[in-house]
Amino acid sequence: MPYQLAHPPVGSDGVLVKRPSVVNIVCCPEGPMLVRGCDSICDDNGTEYAVNRPVVAVCRCGKSARKPWCDGTHKFLRAGRRW
């Protein structure tokens, strides 16, 4: 399931909310994609999800009940058939 980083959010006062300028993405083997330093994530339908944590786990198996966030469902799927 493709996701992309969205544009940085603007605060209620119209000022751009600053976060670290570096976004780090790590794909865990047979697990989620860990994203550090982003403000929001967009799914392939264009829906934007705000990020309010330093690190978020994004589902890669497509089976999470909390998409786009990982809920650990990948742990229960048979190895080799996850993606």
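Structure's up top.
Not measured: the values here are computed from a predicted model.

Caption draft 1: Highlighting the overall build of the chain. Secondary structure assignment for the chain yields 0 helices and 6 strands. The N-to-C order of helical and strand elements in the chain reads β-β-β-β-β-β. Put simply, the chain has 83 residues, and 30% of those count as buried. Look at the contacts in the chain between residues 6 or more apart in sequence, and 36% of them connect residues 24 or more apart. When the accessible surface of the chain is split by element, carbon and sulfur atoms take 53% of a total near 5,700 Å².

Caption draft 2: Focus on the nonpolar core. Core analysis: the largest hydrophobic core is formed by 8 residues, namely M33, V35, C38, I41, V51, V56, V58 and W69. Counting only elements with at least two residues in this core, the list comes to β3 (33-36) and β6 (55-58).

Caption draft 3: Expanded view of the packing of aromatic side chains. This model, assessed by the stated rule, comprises 1 aromatic pair. With a centroid separation of 6.2 Å and an interplanar angle of 75°, the aromatic rings of Y49 and W69 are classed as edge-to-face. Here the residue Y49 occupies a position in strand β5 (residues 48-50), and W69 occupies one in the segment after β6, the gap between them amounting to 20 residues. Its relative accessible area of 23% is what places Y49 among the partly exposed residues.

Caption draft 4: The pairing of strand β4 (residues 40-43), seen in detail. Burial along β4 is two-sided: the residues S40 and C42 and I41 and D43 are all buried. With 3 bridges joining them, β4 and β5 adopt antiparallel strand pairing. Paired with C42 across the strands is E48, a residue of β5. Counting the residues that bridge the hairpin from β4 to β5 gives 4 residues, and of these G46 lies at a positive phi of roughly 90°.

Caption draft 5: Seen up close, the pairing of β3. The two faces of β3 differ: M33 and V35 on one face are buried, but L34 and R36 on the other face are not. Looking at chain direction, strand β2 (residues 24-27) and β3 are connected through 4 bridges and run antiparallel. Directly across from I25, in β3, lies its bridge partner V35. The hairpin turn running from β2 into β3, its antiparallel successor, is 5 residues long, and E30 in that turn takes a positive phi close to 55°.

Caption draft 6: Geometry of the environment of K67. Along the polypeptide, K67 turns up in the segment after β6. A distance of 2.8 Å separates a polar atom in the side chain of K67 from the backbone oxygen of G62.

Each value, and the rule that gives it
- Residues numbered from 1 in each chain as written.
- Predicted model: local features only at pLDDT ≥ 70, side-chain atom pairs only at ≥ 80, totals over all residues.
- Heavy atoms only, no water.
- Helix = DSSP H or I, 4+ residues; strand = E, 2+ residues; numbered from the N terminus.
- Buried < 20%, exposed > 50% of the residue type's maximum accessible area, 1.4 Å probe, protein only.
- Contact = heavy atoms within 4.5 Å.
- Areas by Shrake-Rupley, 256 points an atom, 1.4 Å probe, with all protein chains shown as cover.
- Core = buried A, V, L, I, M, F, W, Y, C linked by side-chain atoms within 4.5 Å.
- Phe/Tyr/Trp six-rings, centres within 6.5 Å; stacked < 30°, edge-to-face > 60°.
- Pairing = 2+ DSSP bridges.
- Polar contact = N/O pair within 3.5 Å; in protein donor to acceptor, adjacent residues only side chain to side chain.

The values reported here are purely geometric and, on their own, carry no functional implication.
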